[in-house]
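Working through the structure, step by step
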Amino acid sequence: QVQLVESGGGSVQAGGSLRLSCSASGFTRGTRSMGWFRQAPGKEREGVAVIPTVTGIPVYVDSVKGRFTISRDSAENTVALQMNSLKPEDTAVYYCAAAGARSYGAHFFAGYWFDYWGQGTQVTVSS
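Predicted, not measured: the structure shown is a model, and the values here were computed from it.

1. Some thoughts on the overall build of the protein chain
Each helix and strand counted, the protein chain has zero helices and twelve strands in total. Ordering the α and β elements of the protein chain from the N terminus gives β-β-β-β-β-β-β-β-β-β-β-β. Against the 2.2 N^0.38 benchmark of 14 Å for 127 residues, the protein chain shows a C-alpha radius of gyration of 14 Å, consistent with a compact globule. Along the three orthogonal principal directions, the C-alpha set of the protein chain runs to about 40 × 30 × 25 Å. Relative to its full complement of 127 residues, the protein chain shows a buried share of 41%. The long-range fraction of contacts in the protein chain, counting pairs at least 24 apart against all pairs at least 6 apart in sequence, stands at 58%.

2. Considerations on the environment of Thr121
If you trace the backbone, Thr121 turns up in strand S12 (residues 121-126). The exposure class of Thr121 is buried, given its relative accessible area of 12%. Separated by 29 residues in sequence, Thr121 and Ala92 place their C-alpha atoms 8.5 Å apart. Sequence-distant contacts of Thr121, that is, excluding residues within four places in its chain, are made with Glu6, Gly8, Gly9, Leu20, Ala92, Val93 and Tyr94. Looking at Thr121, its side chain comes within polar contact range of the main-chain nitrogen of Gly9, at 3.2 Å.

3. Quick word on the pattern of salt bridges
Taken as a whole and assessed by the stated rule, the structure comprises four salt bridges. Arg38 is paired through a salt bridge with Glu46; the nearest N and O atoms lie 2.7 Å apart. For Glu46, a relative accessible area of 31% corresponds to the partly exposed category. The closest approach of N and O atoms between Arg67 and Asp90, which form a salt bridge, is 2.8 Å. Placement of the pair is Arg67 in the loop between strand S6 (59-60) and strand S7 (68-73) and Asp90 in the loop between strand S8 (78-83) and strand S9 (92-99), with a sequence separation of 23 residues. The two residues Arg67 and Asp90 agree in class, both being buried. Among the charged side chains, a network of salt bridges with common partners joins Arg38, Glu46, Arg67 and Asp90.

4. Quick look at the sheet that holds S7
The four strands lie next to each other as S1-S3-S8-S7, forming an open sheet whose pairing is antiparallel. Sheet topology places strand S1 (3-7) and S7 at the edges, where each strand pairs with a single neighbour. Looking at each pair of strands side by side, their axes are set apart by 15° on average, direction ignored. Where S7 meets S8, six bridges bridge the pair, whose relative direction is antiparallel. Looking at S8, one finds that Phe68 is bridged to Met83.

Criteria and cut-off values
Residues numbered from 1 in each chain as written. Predicted model: local features only at pLDDT ≥ 70, side-chain atom pairs only at ≥ 80, totals over all residues. Heavy atoms only, no water. Helix = DSSP H or I, 4+ residues; strand = E, 2+ residues; numbered from the N terminus. Rg over C-alpha atoms; globule rule 2.2 N^0.38 Å. Buried < 20%, exposed > 50% of the residue type's maximum accessible area, 1.4 Å probe, protein only. Contact = heavy atoms within 4.5 Å. Polar contact = N/O pair within 3.5 Å; in protein donor to acceptor, adjacent residues only side chain to side chain. Salt bridge = Lys/Arg side-chain N within 4 Å of Asp/Glu carboxyl O. Pairing = 2+ DSSP bridges. Axes fitted to C-alpha atoms, helices over the stretch in contact; angles between N-to-C directions.

As structure tokens, this is what we get:
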């Protein structure tokens, strides 16, 4: 069974930084594209960043380009999201995700369907 565990969330003031980390298990290392999603209160879950296994080139949603950086250590099956210059609109629950099938609960982003999820970690940015 695929398991994803996030850590590193917290509360910061606008302009601050946080680093999220995700530990993955249950599949061969490096065989699934990994990404980060977020969900703000009353809004749909949206893709934030993905690092595909094939290209290794990160893809970001426009709102975080230049501020967030996704990285992956395939050998250890971990993925991180460095978030700088945080804004109040970044406030959300952030979820680590792994690519899979287009199943119930799956979300599409950057050419992949993500259907494996971590428990989520809260990020709060005050103005």
